[in-house]
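Summary of structural features
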Amino acid sequence: MADMNDDTTADTDTITSDSDLDSSSHASTVEESDSDADDKDEYDLSCDDRFEQLYKGLFQSFQRSTSDLSNDKIQFDFNSSSRSSLSSESLYLDEIESFFNDDDTSLSTLTSAIMITEENANLFEPPIQNNKIFVGSIPKNTTEYSLKLFFNQLGYTHITDIHGPIYTEDQRIPGYAFVFFDSDAKAAEILTDYSMKSRIFKLNGHPLRLTKANARVSKKQSYPTNESHIHTFSLTSLMYGTLIGTAAMQNIIDQSTRNERKTISTYGYIIHQILNRLLVSSTLNIDTKARKFSIDISLRQNTAEQRCIQAKYRFEWNFCDLKRSKIMPVVTHGLSLSYQNPTIDSIDPSIFFLCEIRRAPYISYVKQTVDGTDNLEIRLPGLILVGRANAWLFRIKSEASIYKEFVDLLHKYRLCEKHIQGSNIIHLLKSANDDSQRLTHIDTLSMNEWNQKHREAIIEFKLNRWPSFPFETKFELMKLISKHIITINDLILDERLESILSKMSQNTLIVCVDKIIEFSHLWQPTSEDPIEENWNDESNPNIETNAEDSVTNTYQLLKPLHSATGMRIDSVSSSTITVEINGLNLRKLHSSTVGYFGSLSRLICLALDELNRTYQLCQTETGAYVTRQEMRQSQSNELSFIRKIFITPTSIHYEGPHPEQYCAVTRQFANVQHCFLRVSFRDEDYRKLKNGSKSMIVIYKHILKILNNGLTICGRKYEFLAFSSSQLREHSCWMFSSENINHVSCDEIRESLGNFQNIHPVAKMAARLGQSFSTTTKGKQLSEGSYTVISDAESPDPYKALYTDGIGIIKLEFAKELSEQMKLDFIPSAFQVRCGGYKGMVCVDIADKLKDNPKVNVAFRLSMEKFESKNVSFDIVRVSSFSLSYLNRQMILLLSSRDVPDCVFHSLQNRMIDEVMSITNDVRLACNTLEKFNKKTGGNGTHNLLIGFLSRFGLTNERFIQQILLCFQAFQLKRLRTKAQILIENGCMLYGVVDETSTLKYQKVFIQVDRGENDKPKIIQGPVIVCRHPCLHPGDIRCYEAVDNPLLHSLKNVIVFPMDGPKSMTAELAGGDLDGDTFWISWEPQLLFSENYPALCYDNQTYRTNNANDDRSNQTYGIVDICRFFVEYIEADNLGVIANWHMALADLHGVEDKRCLTLAEMHSIAVDFVKTGRRSKFLSKELRPLRFPDFMEKRDKPEYISPSILGQLYREAKKYTINLNPNQNSTYKSFPYSSLLVDGYSFYINDAKMLKQEYDHELRRIMRHYGIYREGEIISGYILKFMSKQYAKEGKIFELSNEIAHVIRTMRNRYIQEFWEEFYLVPSSIEEHQEENNRLWREVGPKLTWQNQLEQADFHKKHTIQVEQKASAWFYITYKKRRKHKKSVTNQREQFYSFAWLIYPVLFNIYENHRNETVDDIEKGNGRRRKKKQKRRRRQKNRRGH
């Protein structure tokens, strides 16, 4: 198997198909240096949420070593009874989950541990697979299929896979292969037969050689110490642990000793393991040449055979893995003298060096006998962290010269802070008390000692308090723990928590946790005296509430409301609830003196205060706190909120609940959506797991165990349900909890989807099961007789290729109904659909094939039926529309191989750069460019807003519009640099359909593009280039002739392929079909070429796969097999590696190089592995590039300056940079804010203020979840970088962008409906009129969109002066703080402006109609209204006083 260390991800443009785990080997690989991977640390050192792990055998050795130290009272947290060990029977990968779900009542810092002992060291040695045999002397031109057929003819039919045949470049040397059987016995049987009758094993007359497959033995590595660039320092004390904020530390340490000190510690440090005073030697090594450093720990241990061996562990990092403070001296408090290990020198024994790590170490294990024989070194799985720790404390040998040499080295290579220098370090370390202000102080705490002291509290919390919390509350608490905001110690000591949680709803707790995550970096460092803080002080200028403005509202509830402790907080006898909105007093939450007021209780109170300050909090008549957003959403059941977890080798990270687009399953079972869970398996840095060494077998076995046996999260048992194809590619799946639910289980959900029993192989069965989990838009329910099934049209090719593979027919009338339901202003020519067991496309019936049957609306073809199902919900995935056409690196290489000159690509890129850079300099050019980049849908609809704004106001200093323009520029330039995505104006991306009239001829296509708006539809005629992503083979890009055909004129924004020719033309295009594939099309004259390269015969791959499946047609599969395939896929997932190797080789040798052609074929097989189960061949060393071009930005690998066209384009694009901070350009006009205000807007101010705060909170929550930094990025979809760790490594950026766009669009439409609802639901004393208003709103409300809201209002005569007043209020409340900024926690963040532009058509209308009105006129009218309002308030206050 080739080394997977090369490339862990491919360019996202190489994978456009729809994108979980078994027991085989994996190891994370040498980490890839990614320019976007190293996020800057915004706040304190406690923000790192990485957990660490050290191997169990190491600590068993420590315990054996300390057994003779009778005077040493050290007790180790690491022991052999770890409930979370990967090698144990536990299903918990996270120490906290293990604590809550096992019977042990000791609080430990254990995480999953892979045992390294003499007994199980073979887990990390290359194991021999007994079901695999080696077959040598294979004659040339033997294929995998012919080799399998040979063994089948001899009676050996239990072959599961063949890797090979593999040939060398020397034609005289025969090939070899590895043949896998379904059991060890079958492999042994064939070897036995071979030893007895080898003469029958002749292939085409050539005798084969069969032997047992031997493991590959890795070469021994060494640790050089004598080179000049290797610097080694002996350590006298060494410990590792978790670094936390000082506020969190205050809650779990003894305050008596702290109050005696004058200095205040910056951090707390929970010690997990102290490694000094043991029979262990340790050193710190710094390699200045490789820019790496490591900690070595050596010990002696006796094996079961009484052999004395020396074990050495190395934990290695790169320089860039150090966090912001690097390696720094610190003053420790709380360590006993025995832990400090003082020496005879005068160095202060409380001073240590702190080394905080942002990434996991690469861990090596060396065992060596004393006599020097039996040496073995194994590279263990990398990216596995040590303990639950993120920092190491150590002391080096206490000699002045050693310290000076050490600090000089750190200073030279910038591994310490600037003020730490060799010239002053000795004085600094000898007089820590005198120079305490110059050093960082940390409080230390031994977890073992803390356990003993709080034993009773631990037992009480685990057995009584924790089980009483509902699942939703547990999930939120675990979320805070996994993000290192609080610790389990905080929960155990916090005695006020239950009292506070009982006074808020579950949704309010979720919102509070979001606030805590958002503000924890500001709140934690200042939480010194929580009880003395003045809560809701009316003199506080930051609080804008008015006690006399107490307002109550009554809401209709669709479901009961429960507190965060699980108690009902609404009336059982009533379906309504009354809440108080303003004038809330939170003093009672903290006034009680009963119980300890812990860190979490304080943070929740601060979050409630922030919600109250921003008008988001309400209080029920019973005193429970709820949010305004919760009250409004309780009246709607259209929202889907799903929880997610990320499982790494050592921990579980909790996310959500977050809004997510419905799929058929979550829509069908919407009433139990809280029981669904999205589970993703990741490495510690959130990259996908990669199979780089055999030692990963332990991790894979554990993941398979989770899938088979289920997983308990926060006390709720989840079982594996299914996964879609896109989820499988991201190593993600669905789980479901059926506890406490009647008649709904995983089996029942799967049975409701259809019958999957006769589907082969298991990969296809899994894909069919996951078909219902693709996100869709709800369409229509098909009645019996409204659909039919028709036969496919076949080619005369021997393989009987289908012209109509995956496409059916839909009536025009039914297509119109669907488009109206989807709020489309056009009727698409084709729909990508899911309907029970049917999957694919349906195209408008242009040949009147359904005309004779008026009841039938849809005709499915046989190729669309993937499984039997009674579900007939006709749901929409996407519709045909015009999409822009971009070149990418793969296509540029293919076109360059077709003799397209380099100057053409330079010209196209330069033109695009000029257009992109012009949008901030010239209004006319800006509007033209935005129209060219898809005016209607570009930037998630913001291009319409930008063009309307620029045409009215020009280039102004308005920050929101500026930010979107800058994001557009930066996004386009980044895509040029990283993917060479050059816009092709004469081109498009379209769905493929078939010519139902059968009038098109072979090699001819019909294309009619319609950009919408004022552009007329255009029929393309002449030569066109067509390809389908991903395209690696030179035959994947082809030149056809586009023709006019009057019978096809009703089809727009699709490419029509003929029912003619020896085979389907789509199959020539990277093995495509018509079940939803999109095709890249261009008629740009400069890109045309004359001769097509012979297409790769993808039909042969399908034929071999089908033949292999026929051998298994009698097998039956179950959910266990699907789980096994999930793991097998992760183990074999090398799609990105193949694509990157192909890119590197093609750049040097061209796409027609033999190795590139081999990789292209392997890539095609790997793409379809998700549904065929057929793996690509092994990546041999011959295919591996020795160097990578500079444009691939593989900084950690050998690199060269690429002379090819891709290298030239890359270096040209790098010259351009964008300053993303909007500036006050002197040439820009001032934005006329007052022109968008109309007289009377103040009447709507209060409501606008509350809605604005809710909108900003919801938008910030989405941005924080995905790690998006700027408002302009998430609104426009021009996302430059995902800062969140779980999405920063995401491979399927296209799907992720669509997911974010859907979430933003859903939120936007909800607030647009909030704006318009009161104008349609005008109260009327006449019942008939009121019912008519309700009917009208039910009809219009769902149709409102960002662009059409004003047209709808004008049509229904709802555009009144009150509409403009309300829009002005929304605008005023959004921009008033721009001129009157207050100093509060909220205002320290970036202000959001998109709220005002939710109703931009109304604002533009105001500008057109009222721009001549003066500000004085408006303010005079508003002033009179304010005076009347103040008089009314005084009267109300006087009445309450009496």
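Scope of this entry: the structure provided in the associated data block.

Conventions and cut-offs
Residues numbered from 1 in each chain as written. Predicted model: local features only at pLDDT ≥ 70, side-chain atom pairs only at ≥ 80, totals over all residues. Heavy atoms only, no water. Helix = DSSP H or I, 4+ residues; strand = E, 2+ residues; numbered from the N terminus. Buried < 20%, exposed > 50% of the residue type's maximum accessible area, 1.4 Å probe, protein only. Areas by Shrake-Rupley, 256 points an atom, 1.4 Å probe, with all protein chains shown as cover. Pairing = 2+ DSSP bridges. Axes fitted to C-alpha atoms, helices over the stretch in contact; angles between N-to-C directions. Expected span 1.5 Å × (residues − 1). Contact = heavy atoms within 4.5 Å. Phe/Tyr/Trp six-rings, centres within 6.5 Å; stacked < 30°, edge-to-face > 60°. Lys NZ or Arg CZ within 6 Å of the ring centre and 35° of its normal. Parallel < 35°, antiparallel > 145°, perpendicular 65-115°, else oblique. Nonpolar A, V, L, I, M, F, W, Y, C, P; charged D, E, K, R; others polar. Core = buried A, V, L, I, M, F, W, Y, C linked by side-chain atoms within 4.5 Å.

On to the overall build of the protein. Helix and strand counts for the protein come out as 44 helices and 44 strands. The 1442 residues of the protein split such that 60% are buried. When the accessible area of the protein is evaluated, it comes to approximately 58,200 Å², of which 48% is carbon and sulfur surface.

Now for the sheet that holds strand β1 (residues 132-138). Backbone-to-backbone hydrogen bonds join strands into a sheet, with any given pair of strands oriented parallel or antiparallel. Pairing is antiparallel in the open sheet, where four strands are placed in the order β2-β3-β1-β6. The open sheet is flanked by β2 (159-166) and β6 (209-212), the only strands paired with a single partner. Adjacent strand axes in the sheet meet at a mean angle of 20°, parallel and antiparallel pairs treated alike. Across four bridges, β1 lies against β6 in antiparallel orientation.

This paragraph deals with the sheet that holds strand β32 (residues 838-844). Read from one edge to the other, the open sheet built from seven strands follows the order β28-β34-β31-β32-β30-β33-β29, with strand pairing classed as mixed. The sheet is open, and its two borders are formed by β28 (777-781) and β29 (787-790), each paired with just one other strand. Between one strand axis and the next, the sheet turns through 35° on average, direction left out of account. Taken together, the two bridges between strand β30 (residues 807-810) and strand β33 (residues 858-861) define a ladder with antiparallel strand orientation. Residue pairing in the sheet places I809 in a bridge with A859 of β33.

In this section: helix α28 (residues 942-953). Counted at 1.5 Å a residue, the expected span for α28 with its twelve residues is 16 Å, and the 16 Å between its end C-alpha atoms agrees. Within α28, ten of the twelve residues are buried, which leaves the element mostly enclosed by the surrounding structure. Burial in α28 covers these residues: T942, H943, N944, L945, L946, I947, G948, F949, L950 and F953. Of the surrounding elements, those touching the buried residues of α28 are α27 (923-932), α29 (959-979), α37 (1271-1276) and α43 (1400-1410).

Inspection of the entire model under this criterion finds 63 aromatic pairs. The interplanar angle of 85° and the centroid separation of 4.9 Å between the aromatic rings of F1231 and Y1233 together place this pair among those described as edge-to-face. Classification of F1231 by relative accessible area gives buried; the value is 4%. Relative to Y1311, the ring of Y1255 lies with its centre 5.3 Å away and its plane at 90°, an arrangement referred to as edge-to-face. Of the two residues, Y1255 is situated in helix α36 (residues 1245-1266) and Y1311 in helix α39 (residues 1293-1320); the sequence distance between them amounts to 56 residues. The exposure classification of Y1255 matches that of Y1311, with both residues buried. One aromatic cluster in this structure is built from F949, F953, F1231, Y1233, W1346, F1371, Y1375, Y1393, W1397, Y1400, F1404 and Y1407. When the ring centre of F1392 is taken as origin, the NZ or CZ atom of R1260, which lies over that ring, is 4.2 Å away.

Every second residue of β30 is oriented toward a common face, with I807 and I809 on one face and G808 and I810 on the other, all of them buried. Here β30 runs beside β32; their pairing, made up of four bridges, is parallel. Bridge pairing links G808 to V842 in β32.

With that settled, consider the packing of α28 against α43. Two elements in contact, α28 and α43, have axes whose closest approach is 11 Å; the angle formed by their N-to-C orientations is 10°. When the axes of α28 and α43 are compared, the pair comes out roughly parallel. In contact with N944, L945, G948, F949, R952 and F953 of α28, α43 contributes Y1400, F1404, Y1407 and E1408. Residue classes in the contact of α28 with α43 are distributed as six nonpolar, two polar and two charged.

Turning to the nonpolar core, a few remarks are in order. In terms of nonpolar packing, the biggest core is built from 173 residues, with L887, I1007, V1024, L1087, W1316, F1371 and W1397 touching the most fellow members. Beyond its immediate stretch of four places on either side in the chain, L887 contacts I892, L895, F905, L908, A980, Q981, I982, I984, W1080 and L1087.

Here we come to the pairing of strand β39 (residues 1022-1027). Of all six residues making up β39, five are buried, and the element is well covered by its neighbours. Note that β39 and strand β40 (residues 1038-1042) share five bridges and pair antiparallel. Note on β40: the bridge partner recorded for P1023 is E1041. As defined by bridge partners, β39 adjoins strand β42 (residues 1078-1082) across three bridges and the pair is classed as antiparallel. Each residue of the ladder has a partner; that of C1027, found in β42, is W1080.

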